[in-house]
Amino acid sequence: GTAALLKAPLAAGRCGAGAWRGFASAAPLETPPIEMIRNVAIIAHVDHGKTTLVDQLLKQSGMGIKVTERMLDSKDLEMERGITILSKATRVTWNGYLFNIVDTPGHADFGGEVERVLSMVDGVVLLVDMVEGPKAQTKFVLQKAMSHPKMKPIVVINKVDRPQVRELGEVENEIFDVFATMATSDEQLEYPTLYASGKQGFCARTLQEAQSPDRPTTMLALFETIRDSVPCPRPAEVDPATVAADERCKGFSMLVSQMDRLPGFGPTVTGKVFSGQIQKGEKIIAKGLDGEIVAVGKVKEITIVQGVTREPMKQARAGDIVAVSVTGFIPKWTQTLVSHKDVPPVPCMPIDPPSISVRASVNDSPLVGKDGKNITMLSIGDRLMKEAMTNPAIDIQESPQRDYFEIRGRGEMQIGILIEEMRREGFEMTLSPPSVVKTLGEDGVWMEPWEDVMVEVDNEHSSMVIERMSQRGAKVVDVRTDGDRQCMKFEVATASFMGMRGWIRDASGGTAVIVAEFKELREQGPPAKRERNGVLICNTAGIATSVDLGKAGRLGPLFIIEGIDVYPGMIFGENRQNELDIDTNISKPHDGYKKAESHPPAQEKTLEQALAYILDDEKVEVTPKRIVMRKAILDPRERANAAKAALKGR
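Everything quoted here is computed from the prediction, not taken from an experiment.

The rules behind the values
- Residues numbered from 1 in each chain as written.
- Predicted model: local features only at pLDDT ≥ 70, side-chain atom pairs only at ≥ 80, totals over all residues.
- Heavy atoms only, no water.
- Helix = DSSP H or I, 4+ residues; strand = E, 2+ residues; numbered from the N terminus.
- Contact = heavy atoms within 4.5 Å.
- Areas by Shrake-Rupley, 256 points an atom, 1.4 Å probe, with all protein chains shown as cover.
- Pairing = 2+ DSSP bridges.
- Axes fitted to C-alpha atoms, helices over the stretch in contact; angles between N-to-C directions.
- Salt bridge = Lys/Arg side-chain N within 4 Å of Asp/Glu carboxyl O.
- Buried < 20%, exposed > 50% of the residue type's maximum accessible area, 1.4 Å probe, protein only.
- Parallel < 35°, antiparallel > 145°, perpendicular 65-115°, else oblique.
- Left-handed = near helix turned anticlockwise from the far one by under 90°.
- Nonpolar A, V, L, I, M, F, W, Y, C, P; charged D, E, K, R; others polar.
- pLDDT = per-residue confidence, 0-100.

So, the overall build of the protein
At step 1: Per the secondary structure count, the protein includes 16 helices and 34 strands.
At step 2: Restricting to contacts in the protein with at least 6 residues of sequence separation, those with at least 24 account for 71%.
At step 3: In the form shown here, the protein has an accessible surface area of approximately 28,600 Å², with 52% of it arising from carbon and sulfur atoms.

Some words on the sheet that holds strand β28 (residues 534–538)
At step 1: Taking strand neighbours across the sheet as the criterion, the 3 strands line up as β31-β28-β32 in an open arrangement whose pairing is mixed. A single partner strand is all that each edge strand has here, and the edge strands are β31 (571–575) and β32 (582–584). For this sheet, the mean inter-axis angle between neighbouring strands, taken without regard to orientation, is 25°.
At step 2: Alignment of β28 against β31, held across 4 bridges, turns out to be antiparallel. Following the sheet pairing, Leu-536 is matched in β31 by Gly-573.

Side note on the pattern of salt bridges
At step 1: Summed over the entire model, instances satisfying the criterion amount to 33 salt bridges.
At step 2: Linking Asp-371 and Arg-626 is a salt bridge whose minimum nitrogen-to-oxygen distance equals 3.0 Å. Remark: Arg-626 occurs in the loop between β33 (618–622) and β34 (627–631) and Asp-371 occurs in the loop between β18 (356–361) and α9 (377–390); sequence separation between them is 255 residues. Taken as a pair, Asp-371 and Arg-626 share a single burial class, namely buried.
At step 3: A salt bridge links Arg-480 to Asp-478; its shortest N-O distance comes to 3.2 Å.
At step 4: Using a relative accessible area of 48% as the deciding quantity, one classes Arg-480 as partly exposed.
At step 5: When its relative accessible area of 25% is taken as the criterion, Asp-478 is described as partly exposed.

Re the packing of helix α11 (residues 459–471) against helix α13 (residues 500–507)
At step 1: Across the interface, α11 lies against α13 with an axial gap of 10 Å and an inter-helix angle of 160°. Put simply, α11 runs roughly antiparallel to α13. For the pair α11 and α13, the crossing hand works out as right-handed. Along the contact surface, α11 presents His-461, Met-464, Val-465, Arg-468 and Met-469, while α13 presents Met-500, Trp-503, Ile-504 and Ala-507.
At step 2: Considered class by class, the residues forming the contact of α11 with α13 number 7 nonpolar, 1 polar and 1 charged.

Brief notes about the packing of α9 against helix α10 (residues 412–424)
At step 1: In contact at an axis separation of 12 Å, α9 and α10 are set at 130° when each is read in the N-to-C sense. Taken as axis vectors, α9 and α10 run oblique relative to one another. At the point where α9 passes α10, the crossing takes the right-handed sense. For the pair α9 and α10, contact is made by Ile-380, Arg-383, Leu-384 and Glu-387 and by Leu-418, Glu-421 and Met-422, respectively.
At step 2: For the contact of α9 with α10, the per-class residue count stands at 4 nonpolar, no polar and 3 charged.

Describing the pairing of strand β24 (residues 446–458)
At step 1: Burial of β24 is extensive: 10 of the 13 residues sit out of reach of the surface.
At step 2: Examined bridge by bridge, strand β23 (residues 439–440) and β24 share 2 bridges and lie antiparallel to one another. Bridge assignment links Thr-439 to a residue of β24, and that residue is Met-447.
At step 3: Where β23 folds back onto β24 in an antiparallel hairpin, the turn is made up of 5 residues, including Gly-444, whose phi is positive at roughly 80°.
At step 4: One ladder, built from 10 bridges, connects β24 with strand β27 (residues 513–523); its direction is antiparallel.

Let's talk about the environment of Ile-154
At step 1: One can find Ile-154 in strand β6 (residues 152–158).
At step 2: In sequence terms Ile-154 and Ile-42 are 112 residues apart; their C-alpha atoms lie 9.6 Å from each other.
At step 3: In contact with Ile-154, not counting residues within four places along its chain, are Val-124, Val-125, Leu-126, Pro-192, Leu-194, Thr-225, Ile-226, Ser-229 and Val-230.

Some points on the confidence of the model for the protein
A low pLDDT score tells you not to read the predicted coordinates there in detail.
At step 1: The predicted model of the protein averages 83 in pLDDT, with 87% of residues at 70 or higher.
At step 2: Contacts from residues 1–27, a stretch scored under 50 in pLDDT, to residues over four places away or in other chains number 69 contacts.
At step 3: Below pLDDT 50 for its whole length, residues 67–74 participates in 35 contacts with residues either more than four positions away or in separate chains.

Right, dumping it as structure tokens:
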């Protein structure tokens, strides 16, 4: 059986689940008594050292685990972009205590994730960089955490080994100000503060101690503070009559907080056991938010991730965070798994609706199949449907004619990350410009999503951002100056905010922090104005030459470099002069006597930039090696006829 297979570390896979090789033959683990359990989430800004800190806790816990750097981040993209996309739970056992440490996504577009993670924990460790202080995205997650009045915060000021550039007490005051505006109970303001260096693996109770020559050499202070400050989990109340009727599982309930598909295990739910207990082979019922029974199945396996290996569990009891694999149905987020029909569902927030959609269809450019291996509608559809099952923020719909799939997400970044992953897996496809997901209201009026947007930039860029956002119809709600940075809050229609992220990032030289969150649906307003010049389009197939690119470079910025394959209808630059598109040949054969003109380096566009750039008659071709923009109709004559027909039809 599975238990007899050898233990193997997890290879990086979905959500830390990894490519499984099976289990150790050791006896299955059991949940310790509930008073020995502490469930905490770590909240931190992208680069403030969250993953390094968890690696140290694993290393020093006495579990004898060999730690690779940044163990929690298992997706390639997370490593590369340095963000945590999927929250992962790690078990650390220390002195008989069990710490379930859950990672929270530091990025607001993945907000649906944050809510469910917080429902599993009783305390949060807020990790703040000694030099940079609390950042906008950290505040976003912290605010969600503080809305639970019983949540216990612990502040860890990290990277205290960096050269001291802040005044004494300055970061602490900044952190206190953040808490003062968010705390929902006075107790939350009495949080302990620790000083640590995740890199060097030590944690101290005061800054003096952390910077003294005889500073601690371990994370003991953090282990002890979690033990003493965070309460043990409180099981949910279940009617005694139900517990008596359900003698084997005692009214088991578990909220679907995370979903995975694990090879050999099928659909697997990771979450906290809110009440009762569960064993392998038991019957299981899924209930919706309203308490309706939606499916019935069986428990195939109960497992936990111990360090970096997955281990079987004989039984999971209330308070623990475990993974339950089921057969017979596929659970969905916000559902509750229960062992008896009378156990009530765990209340939780519904997931914010998707706000942006992109249509993905087969790659129909002349270069199809040159770079990728997955190019059919069937393989694209399969991959997208799998994603929709394990990613709460993505929703997939097939078109009635089956000629495209609509990918709906909660932000440009989310859709961007999914497509980027698919590119790496060898997919080729064509994407339409992003559009806003509208809903028809009860009175027959179309409603569109609005967002709360928080932008933090250096003072010299703020007026520029406010001006541009106002042009887009945004309402300025609040402007606060904090030293040499300004934090601005806007209310803006999702349609008007599209493409603004990239613009703000470029205008601020990459120093802006942008957090957008779904606010509400409002009556649809007039369409957002798109301001953009004409583009330069190739009119022949071949290979781009430096001589021709040099000439075309006089007209405006180029998006491609020499030596790449081009085809008619492909966009290779912008016409800076006016809004007209110019068709030109950039792949003429040259005899080598002509010298290429110098032109500025090409501004190659990332996927998110390309999607924000294109207009309705254009598309993005995505392959493992290329992201190029093109006209939807490649032939120039057909394109001109279509444009004439569109004008007549107006």
